[in-house]
Amino acid sequence: MSLTAFLTDTTLCIGCKACEVACKEWNEVPDDGMIWSGLSYDNTKALGSSTWRHVMFLEQPVAAGPQLADTQDPFRWLFLSDVCKHCANAGCLEACPTGSIVRTEFGSVFVQPDICNGCGYCIVTCPFGVVDRRPDDGRVFKCTFCYDRQRAGLVPACAKACPTESIRFGDLDALRDRAQSRVEELRHRGFQDANIYDPTNSSVGGVHAFFVILGQPEAYNFPPAPEVPTVYLRGAWTSALISAAILFAAVCAAFAFSPLR
Amino acid sequence: MAQPGNMDSTRHPKATEERLDEIRREAGASAEPALGAGATSHTERAAKTDAAASYYNLPVLKEPTWTWEVSLYFFLGGVAGVSSSIALAAQLFHGDPALIRIALWMALAGAAICPVLLISDLGRPSRFLNMLRVFKIQSAMSVGAWTLVAFSGCAFLAVLANELLLRGFSSPIFVAMRWTGEISAAATGLILASYTGVLVGATAIPVWSENHTLLPTHFLTSGLGSAAGILELFGFFTPATQILGLLSAGIETFIGGSIEIRNRAVDAPLRHGKSGWFMRLAGTLEGPVALILRVAWGSSPAGRYAAAVCFIVGALASRFAWIWAGRVSARDPHTLFHLQTGKSN
């Protein structure tokens, strides 16, 4: 069984939000509010327990490569559909104390809703701020990578609904190659700031939902150098155990070298 | 046609392949190319946007969902965990049997209350036993859940054996039980009192992860001073509790001072804003105030009471302050980006 992945390409996205609609409908994700944010056409603002695909709208005073907008000032309007990154080394998975969060045979990270007891530790260990607790439910939810559809041999709902194939679904290695070719092609065509967001050089070890973006990852609220928080365990436990040893020695000394009351 | 807003059906009528194709057709038909759409009207707002700063200053991370039960648990777990070490040390060095008894009961009381607090904070409290489905050493919360269970058993054994011995049921078996209970409760108790610092430090929240070596030490020291302080509130004005109180307040003063002096941007929630002032208040109470009270007024019970109360209040407040600071830190995308790109602030 090969590992599957998402390649989401900002240069193909038209901001139609079909992915958001398809995901919500297929997965029966509840309504999480009709809020007019005033942030371009983005009214979902971020991924959350009831938003598993989030389309971003970036308005930038930057010329869009060789293409010129019909305006005197340089301007480009970028769209990108954000999703759970399904990290190779996932902070949420490592942190989950109930074993609810597991790695599927497709390489995705999956929260088993019948086991999750809502402890909330995964929420603070996700370096991308993806997973969250659903307030009226108590459990955490996130993109399932359409595990049910993949097991039936289908493509995820968002990929199916995307009219421009900005969201591509397929074999992990093939999509990584495709992303590489796409970025080379874009740069060849004059989009000098085209790059791939896939933090393979970090402790996260790469993600299974990666992106072709224009410009800096920060503009999309992608952390430029994410770390899986298990990297802090060694230092923290060392500190804990050394401090504990010293504390115990101090407590013993306090009783050993002082007379009784 | 399916009716919009019809959420009552058990199987949503829209979850079909045909519907996904329909969405795709609708999207492809009505969407317009991005370039040239509304460019002129948005240029002013766009000009104000720094192209690389962040996505509309929205948070990158999610805030912790933990509420007051978790903060209180951090405090009580620290007290209970260190109490068992105090009991063992007192036992080893022929301390006051009354003090040993109270310290053991403090450990057991904490072991009884802590699970209740944790369970009530869960999103699905009825599923609390799922914490014991697996043991994952890479999850500080898993280690903590199992440590709490083990500690409870050990503390119970120690208290039971101690009470039997105190009531005259002298038997080498009970003595062995008490030693076993005390030693194992001390060992598991030290983990209980420090793992919470590991748990908070090994996260993606910048103010927590950037203090991941400090937090376990800080939580342990807080627990030590609180346990010693509570013993003093029970009337045990021994030299030992004074020494431990001085040590704890001194270390907390040092820790608080070092956070102030380092002046790191990531520590802003600990020093600025409402969360910062609350943290400073807590740190001052369990640091310099408790220290000065012990040094200047420690010879009288009133001074020891005052120092103990100040430390305990400060330690308890400090737990709430660290969670609050975590929420503030999670909301700030710029500090996160600066940290990760190595830019100075």
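Residue indices follow the written sequence of each chain, beginning from 1 at its first position. Whichever chain is written first becomes A and whichever ligand is written first becomes 1, with later ones labelled in order. The predicted origin of the model limits local features to residues at a pLDDT of at least 70 and limits the giving and counting of side-chain atom pairs to 80 or more, whereas totals for whole chains, interfaces and linings rest on all residues.

As a further point, take the domain arrangement of chain A. By convention here, the domain bounds are inherited from an automatic or database domain assignment. On domain assignment, one finds that chain A holds domain 1 (4–227) and domain 2 (230–261). A straight line from the C-alpha centre of domain 1 of chain A to that of domain 2 of chain A covers 44 Å.

Before going further, it helps to spend a moment on the packing of helix H3 (residues 68–92) of chain B against helix H6 (residues 172–201) of chain B. A pair of packed helices is captured by two measures, namely the crossing angle of their axes and the spacing between those axes. Residue and element names in this part refer to chain B. Viewed as axis vectors pointing N to C, H3 and H6 meet at an angle of 150°, and their least axial separation amounts to 7 Å. It follows that H3 is roughly antiparallel to H6 by the angle criterion. H3 and H6 meet at a crossing whose hand is left-handed. Every residue of H6 that contacts H3 at Phe74, Gly77, Gly78, Ala80, Gly81, Val82, Ser84, Ser85, Ala87, Leu88 and Gln91 is listed here: Glu182, Ile183, Ala185, Ala186, Gly189, Leu190, Leu192, Ala193 and Thr196. Considering only residue class, the contact of H3 with H6 consists of 11 nonpolar, 8 polar and 1 charged. Axis definition: a line fitted to C-alpha atoms, over the contacting stretch in the case of helices. Angles run 0 to 180 degrees between N-to-C directions. Secondary structure counts use DSSP, requiring at least four H or I residues in a row for a helix and at least two E residues in a row for a strand, with both numbered from the N terminus. Put simply, angles under 35 degrees are roughly parallel, angles over 145 are roughly antiparallel, angles from 65 to 115 are roughly perpendicular, and the rest are oblique. Crossing chirality is assigned from the near helix's rotation relative to the far helix, an anticlockwise turn below a right angle marking it left-handed and a clockwise turn marking it right-handed. Residue pairs qualify as contacts under a 7 Å threshold applied to their C-beta atoms, which are placed from the backbone. Basically, the charged four are Asp, Glu, Lys and Arg, the nonpolar ten are Ala, Val, Leu, Ile, Met, Phe, Trp, Tyr, Cys and Pro, and anything else, Gly included, counts as polar.

Residue and element names in this part refer to chain A. Criterion used throughout: strands pair if DSSP finds at least two bridges between them. With respect to topology, 4 strands assemble into an open sheet ordered E8-E1-E10-E9, the strand pairing being mixed. Looking along the sheet, the strands with just one partner apiece sit at the ends: strand E8 (167–171) and strand E9 (194–197). For this sheet the average axis-to-axis angle between neighbouring strands, irrespective of direction, equals 20°. Pairing between strand E1 (residues 4–9) and strand E10 (residues 209–214): 4 bridges, direction parallel. Bridge assignment links Asp9 to a residue of E10, and that residue is Val212.

So, about the interface of chain B and chain A. With 87 residues of chain B at the interface, the matching set in chain A holds 85 residues. Elements that contribute at least two residues to the side of chain B that touches chain A include exactly helix H1 (17–30), helix H2 (39–48), H3, helix H5 (140–166), H6, helix H8 (214–233), helix H9 (239–262) and helix H13 (333–341) of chain B. Along the lines of polarity and charge, the residues of the side of chain B that touches chain A split into 50 nonpolar, 27 polar and 10 charged.

We now examine the domain arrangement of chain B. All names here are of chain B. The domains assigned to chain B are domain 1 (63–202) and domain 2 (206–345). Elements supplying a minimum of two residues to the side of domain 1 that touches domain 2: H3, helix H4 (97–121) and H6. In terms of residue count, H3 provides more of the side of domain 1 that touches domain 2 than any other element does, 10 residues in total. Its residues assigned to classes, the side of domain 1 that touches domain 2 comprises 16 nonpolar, 9 polar and 2 charged.

We define a nonpolar core as a collection of buried residues of the types Ala, Val, Leu, Ile, Met, Phe, Trp, Tyr and Cys that are connected via C-beta atoms lying within 7 Å of each other. We call a residue exposed when 12 or fewer other C-beta atoms sit within 10 Å of its C-beta, buried when the count reaches 20 or more, and partly exposed for counts in between; the C-beta positions come from the backbone. Ala22, Cys92, Cys122 and Ala161 of chain A together with Ala103 and Ala107 of chain B are the most contacted members of the largest nonpolar core, which has 182 residues in total. Counting residues per element, this core draws most heavily on helix H12 (residues 301–330) of chain B, at 14 residues. Setting aside its immediate chain neighbours within four residues, Ala103 of chain B contacts Ser83, Ile86, Ala87, Ala90 and Leu231 of chain B.

With that out of the way, let us pick up unusual backbone geometry. The phi angle at Phe145 of chain A is positive, at roughly 55°, despite the residue not being glycine. With respect to the element layout, Phe145 of chain A can be found in the loop between strand E7 (140–141) and helix H4 (147–151).

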